[in-house]
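# Residue-level structure breakdown
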Amino acid sequence: MNLLSKRLLVGAVVLWMTSAGAQTSYPGKAIRLIVPTPAGGPSDAAARALAKGMTAGLGQEVLVENRPGGNTGIGTGAVLNAPPDGYTLLFALASNAGLPHLSKASPYKSFAEFTPIVAIGGNTQCLVVPASLPVKSLVEFVSYAKASPKPVLRGANNVSEDMVAGQVSSAFGISLERVPYKGAPQLLPDLLEGRIQVAVLPVGASVPHVKSGRLTMLGCSMAERIAALPAVPTLAESGVTGAPLITAHFVVGPPRLPADIIDRLTAAAQQAAQSADFKLEMERLLIVGKVRSPAETRELMLQAEAQYVQFVRETGASID
């Protein structure tokens with residue numbers, strides 16, 4: 001072996017050792033988990049519970065960073081364009097599957113562009129009105145909306161809520177004027193004071209105000225009634241014919257995330273989801289659903305996107 005060959009061999013070995021060392025040392029610093037909604041909402045709470053558990057499993061801190069705005073497009077765009085090194089992740093909502101089909105401003109063309117890591121339970125969406133509104137059921141609300149001389153204002157902060165509201169509007173032929181908000185924490189004060197008349201909100205964000213008597217829950221978008229709220233009907237029971245909305249939270253990464261990093265993150269997330277603290281927090285938030293593998297997560301992402309594609313095709317809905 002001549003000198004040049006020896007140098008090439010040594011260089012190759014050094015490169016391989018460096019690469020192997022980089023792979024086995026991940027993570028070597030803190031990881032950002034971007035939540036595309038404001039702090040204080042149920043998705044933010046779920047993300048923080050998961051991040052706490054993943055921190056313990058990874059040996060590096062998983063930091064939640066709220067990046068609201070642009071109908072969640074600001075936070076999702078930040079992750080889409082991040083380096084595929086495992087240090088910038090997205091805690092996505094199922095509504096992120098619908099954004100490209102409802103808004104021309106979406107930073108991505110398909111939710112499938114992101115790398116799936118894990119999915120956990122999602123927010124059940126429920127139709128709520130301020131207790132000051134003279135309605136106690138969806139049928140009464142429909143009558144109120146049809147008789148109102150002024151536009152009925154609907155608070156909105158993500159596209160899954162738009163889809164549920166669209167199903168209600170289509171089923172009963174009513175018009176609800178969309179008023180955009182960055183998130184549920186910003187929307188709730190106006191709803192509670194009656195400045196807006198209706199909203200579709202995650203059940204976890206609604207229940208405390210329902211129990212205090214300040215909101216009335218008219219129905220939820222689930223195939224079956226929520227066990228903790230047996231008196232609240234499903235929207236289907238009240239005459240809404242659209243398929244129940246797919247709900248989930250997705251931990252995803254930028255495109256082209258390496259397989260070894262995916263495996264490491266998936267194991268940490270699944271371990272975190274089995275902790276007693278995490279399960280208690282999900283119970284408090286009324287978030288239900290099994291933890292899914294990367295392959296199952298991708299399939300659920302595609303199913304959610306297909307549901308939005310069909311909805312937009314049938315209704316022509318847009319949030320632009």
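Here, every reference points to the structure presented above.
## Looking at unusual backbone geometry
- Geometrically, the link from Tyr26 to Pro27 is a cis peptide bond, its omega value of 0° lying close to zero.
- Within the secondary structure, Pro27 sits in the loop between helix 1 (3-24) and strand 1 (31-35).
- Of note in the backbone geometry, Thr72 takes a positive phi value of approximately 80° without being a glycine.
- In this structure, Thr72 sits in the loop between strand 2 (62-66) and helix 3 (73-80).
- A residue is classified by how much of its surface remains accessible, and Thr72, at 4% relative accessible area, is buried.
- A positive phi angle is found at Leu286, which is not glycine, with a value near 60°.
- Tracing the chain through its elements places Leu286 in the loop between helix 10 (276-285) and helix 11 (294-315).

## Let's talk about the packing of aromatic side chains
- One pass over the structure, following the stated rule, counts 5 aromatic pairs.
- The interplanar angle of 80° and the centroid separation of 5.2 Å between the aromatic rings of Tyr108 and Phe114 together place this pair among those described as edge-to-face. One exposure class covers both Tyr108 and Phe114, and it is buried.
- Here the aromatic residues Tyr108, Phe111, Phe114 and Phe250 are joined through ring pairs into a cluster of three or more.
- Positioned over the ring face of Tyr87 is Lys29, at 4.8 Å from the centre of the ring.

## Observations regarding the side chain of Asp162
- Relative to the helices and strands, Asp162 resides in helix 6 (residues 159-172).
- A polar side-chain atom of Asp162 sits 2.9 Å from a polar atom in the side chain of Arg154.
- Setting aside anything within four residues of it in sequence, one finds Asp162 in contact with Arg154, Ala156, Arg178, Phe311 and Ile319.

Definitions and cut-offs
Residues numbered from 1 in each chain as written. Predicted model: local features only at pLDDT ≥ 70, side-chain atom pairs only at ≥ 80, totals over all residues. Heavy atoms only, no water. Helix = DSSP H or I, 4+ residues; strand = E, 2+ residues; numbered from the N terminus. Buried < 20%, exposed > 50% of the residue type's maximum accessible area, 1.4 Å probe, protein only. Phe/Tyr/Trp six-rings, centres within 6.5 Å; stacked < 30°, edge-to-face > 60°. Lys NZ or Arg CZ within 6 Å of the ring centre and 35° of its normal. Polar contact = N/O pair within 3.5 Å; in protein donor to acceptor, adjacent residues only side chain to side chain. Contact = heavy atoms within 4.5 Å.

These figures capture arrangement, not role.
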